[in-house]
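Below are the chains, spelled out letter by letter.
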Amino acid sequence: NPGCVGWYVNTLTAILTKLNDTGFAARGVSHAGHGVGEEIVGSGPNTIPQRDMSIAWTVDGQLKHTIDWMDNIILPDIKKLAIDSSAQWTVQQQQQKGETSETNDGDLEIAPPKIPKLVFITHSFGAHLVQRMLVLRPDILRRTAMILHLMPFFRFDPPGLQKTYLSTVARLPKIAISFLQTASKLAASVPREWIDLYMNKVNGLHDDEERKLAIDLAIQPEMARNFLALGLEELREIPERHDDAALRIIGKHCPTSLLFCGGPDQWAPPFHIKDLQTLQRQGKIPNNIRAAYLDEIRHDYVVHPEMVQPVVNFCTNEILYYSHQNHSEKWKD
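Residues numbered from 1 in each chain as written. Predicted model: local features only at pLDDT ≥ 70, side-chain atom pairs only at ≥ 80, totals over all residues. Heavy atoms only, no water.

Visitor: Tell me about the environment of Arg192, and name the residues and values.
Guide: Looking at the element boundaries, Arg192 is found in helix α9 (residues 192-201). Overall, the relative accessible area of 35% leaves Arg192 in the partly exposed class. Each C-alpha atom of the pair Arg192 and Ile219 lies 9.5 Å from the other, and the pair is 27 residues apart in sequence. Other than its neighbours up to four places away in sequence, Arg192 contacts Lys212, Ile215, Asp216 and Ile219. (Helix = DSSP H or I, 4+ residues; strand = E, 2+ residues; numbered from the N terminus. Buried < 20%, exposed > 50% of the residue type's maximum accessible area, 1.4 Å probe, protein only. Contact = heavy atoms within 4.5 Å.)

Structure, rendered in structure tokens:
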């Protein structure tokens, strides 16, 4: 959060490059209302009041957005790939038999379509959305080979005073949103090169493209509203404990690997690893849930280029571990 997919292009590209396998492809999606441009953030003439902005401002709305993306973009794409693979196999069989276009199609051996499998990679609040989606949509869960959660924010219980502070802010959304929007308007009035210099030297955003994205997001007051309206509801809605039932449901179909980081990380504190291990010893969640910890990375790893590669290594190692070991029937096709 802000859930703009532009932050993750480098991660996804590096994962595909390291896998070096044409059998993998990557797709990414932003949160609704998170991005650059009036029509995206909801300030354009054709968006309000026509657009239901509760989609962008609520956890349930973002869940609906994610499911709609799967139903209207990913699943149709999977169906097309399955049909194309079957047709390609049939043509190859035709060529091997030396048959011509005049051959009776009824004599051909038709290959059953191979349904591409899904590997979900989530970051922070995205873990909560994917976990809920897979519980609500068993048809998508059946097609899922594995899940990778990066610093998963699907449990809200930061240590000490952090929880008190964040919970207090979450109960005052109007004040918090007004403050952030005022800051965004002020940033928009400052020369862009000043903001660019500040983000480069002070915030450590050294990548030109990522710094440009950060500035474009920061100077949109409507984006500030969407970002904080959703973020504060997350604090009010995310449960304080792991959803054992969801982990069991998902674990029956596929493995889950989780990555925790240093910081300290208030959104996904490392002590969650011990809690998960305790639940496993008690038999409350399956043993195909694995967790790792990397002290050298941070929750906002996407804006630190030197932290991307360790995350990429974690993702590819887990994918290759399960696909090569064939721990799941999901990989066999």
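Structure shown, so let's carry the discussion forward.
Visitor: So what's going on with the nonpolar core? Residues and values would help.
Guide: With 44 residues, the main nonpolar core has Trp7, Leu150, Met151 and Tyr301 as its most contacted residues. Listing elements by their share of this core, those giving two or more residues are α1 (9-19), β2 (144-150), α9, α10 (208-218), β3 (256-261), α13 (271-281) and α14 (305-325). If one sorts the elements of this core by residue count, α14 sits on top with 8 residues. With residues near it in sequence (within four places) discarded, Tyr301 still touches Tyr8, Thr11, His123, Leu150, Met151, Met307, Val308 and Val311. (Core = buried A, V, L, I, M, F, W, Y, C linked by side-chain atoms within 4.5 Å.)

Visitor: Run through the pairing of β3, naming residues and quoting values.
Guide: Counting buried positions along β3 gives 6 out of 6 residues, so the element sits mostly inside the fold. Along β3, one buried face is formed by Thr256, Leu258 and Phe260 and the opposite face, lined by Ser257, Leu259 and Cys261, is buried too. Across 6 bridges, β3 lies against strand β4 (residues 289-294) in parallel orientation. Paired with Thr256 across the strands is Ile289, a residue of β4. Viewed along the sheet, the connection from β3 through α13 into β4 turns out right-handed. (Pairing = 2+ DSSP bridges. Right-handed = clockwise from strand over helix to strand, strands pointing away.)

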